[in-house]
Amino acid sequence: MKITTPNGTLEGESIEAILKEHGLDCLRSADLSAADLSDADLHGADLRCANLRDADLRDADLSDADLSGADLRSAYLSAADLSDADLSAADLRCANLRDADLSAANLRCADLRSADLSAADLSGADLHGANLRSAYLSAANLRSAYLSAADLRSADLSAADLRGANLHGANLSELTVAQTSILPDEGDIIGWKKAITLDGAPIIVKLLIPADAQRSNATGRKCRASTARVLDLQDKQGNSLPPDTTAYSSYDPDFTYQKGETVHVEDFDTNRWDECAPGIHFFITRIEAIEY
């Protein structure tokens, strides 16, 4: 195969042979548009600012590769390994990244408009400032992904796993916000949390979260509230404990729960997307509290 680069034309039996002969940085700014690179081993290759538009990279190994500023418009990257790759400021508009491994990839300020990321693994990926407008993220793994300031308007996030994702400052459609919320907008709700006795035995606390309390969930199942009334303290089997029982927060032993009392958190954090921020943490089903 022949590859045009700013430093001349490179030739070899395969792209792996060219990299072996000329080094991992020989493809910087190379023209690889529409190239067949399926199953290619490009691990750690320097592809900065390379033209990979319409290239076939399905099942390719691009882990640890530097693709910053690369043109990957309409590239076929289905099932490619892009874990730990640098794709910052890359142009991935309309790229096919279905089932791709993008775990821990750097996608800061990448253009992913209308890209297909269905079932892709984006766990731990940095998508700060990325443009994901109209991207397909159905069933994608976005656990602990950093999506701060990302544009997710019109993105399809159906069945996506957003547990632990940071969406602070992200541009989200009203539908996306609704799809990631599990709490009703109005009315009192019952919540459940696990606490402990002084000797560390588990206690299940049944809470009433009043309608006027501040409350939210991030992208997972754990919720937070500013105020709650303690309805009951129970053992794991659901039996009510003696009325003088005191339950202690496992994170702050000075924060206690007693039946009939109302508890408050003065420094409740209104940033919905920070799941572990200050607040009374609870679940909306009892079994989740037991298993937590």
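Coordinates for the structure precede this section.
None of the values given here were measured: they were computed from a predicted structure. (Residues numbered from 1 in each chain as written. Predicted model: local features only at pLDDT ≥ 70, side-chain atom pairs only at ≥ 80, totals over all residues. Heavy atoms only, no water.)

Draft legend 1. Helix 1 (residues 15-22), seen in detail. Taken together, the buried positions of helix 1 are Ile15, Ile18 and Leu19. Buried residues of helix 1, viewed axially, fall in a sector of 95°; they line one side. Exposed positions of helix 1 whose direction lies more than 90 degrees from the buried face are Lys20 and Glu21. On the buried face of helix 1, the contacting elements are strand 1 (2-5) and strand 2 (8-11). Just past helix 1, the residue Gly23 takes up positive phi, approximately 100°. (Buried < 20%, exposed > 50% of the residue type's maximum accessible area, 1.4 Å probe, protein only. Helix = DSSP H or I, 4+ residues; strand = E, 2+ residues; numbered from the N terminus. Arc of directions from axis to C-beta. Contact = heavy atoms within 4.5 Å.)

Draft legend 2. Region of interest: empty space enclosed by the protein. Taken as a whole and judged by the stated rule, the model has 1 cavity of 30 Å³ or more. By volume, the largest cavity amounts to about 30 Å³. Taken together, Ser216, Asn217, Ala218, Lys222, Cys223, Arg224, Arg272, Asp274 and Glu275 form the lining of the largest cavity. Of all the secondary structure elements, the ones that give two or more residues to the lining of the largest cavity are strand 5 (215-217) and strand 6 (223-225). Classifying every residue of the lining of the largest cavity gives 2 nonpolar, 2 polar and 5 charged. (1 Å grid on protein atoms, 1.4 Å probe; cavity = no way out; pocket = protein on both sides within 12 Å on 5 of 7 lines; lining within 4 Å. Points joined across faces, edges and corners; volume = space filled by probe spheres on them. Nonpolar A, V, L, I, M, F, W, Y, C, P; charged D, E, K, R; others polar.)

Draft legend 3. Up close: unusual backbone geometry. Of note, the phi angle at Asp39 is positive, near 65°, even though the residue is not glycine. Within the element layout of this structure, Asp39 appears in the loop between helix 1 and helix 2 (174-179). For Asp39, a relative accessible area of 56% translates into the label exposed. The phi dihedral of Ser144 is positive, around 60°, even though this residue is not glycine. Looking at where Ser144 falls in the secondary structure, it is placed in the loop between helix 1 and helix 2. Taking relative accessible area as the criterion, Ser144 reaches 51% and is therefore assigned exposed.

Draft legend 4. Summary view of the layout of surface pockets. In this structure, the largest pocket spans a volume of roughly 440 Å³. In terms of lining residues, the largest pocket is bounded by 21 residues, among which Lys193, Ser249, Tyr251, Gly279 and His281 are the most central. Among the elements of the structure, strand 3 (189-196) and strand 11 (280-282) are those that each provide at least two residues to the lining of the largest pocket. Examining the composition of the lining of the largest pocket, we find that 4 residues originate from one element, strand 3, more than from any other. What the second largest pocket holds in volume is close to 230 Å³. Contributing to the lining of the second largest pocket are Leu157, Ser158, Ala159, Ala160, Leu162, Arg163, Gln179, Thr180, Ile182, Thr219, Gly220 and Arg221. The class makeup of the residues in the lining of the second largest pocket is 5 nonpolar, 5 polar and 2 charged.

Draft legend 5. Summary view of the packing of aromatic side chains. Scanning the entire structure with this criterion turns up 2 aromatic pairs. Considering the side-chain rings of Phe283 and Tyr292, the 5.3 Å spacing of their centres and the 55° angle between planes classify their relative orientation as tilted. With relative accessibility at 9%, the residue Phe283 sits in the buried group. Assessed through its relative accessible area of 45%, Tyr292 is described here as partly exposed. (Phe/Tyr/Trp six-rings, centres within 6.5 Å; stacked < 30°, edge-to-face > 60°.)

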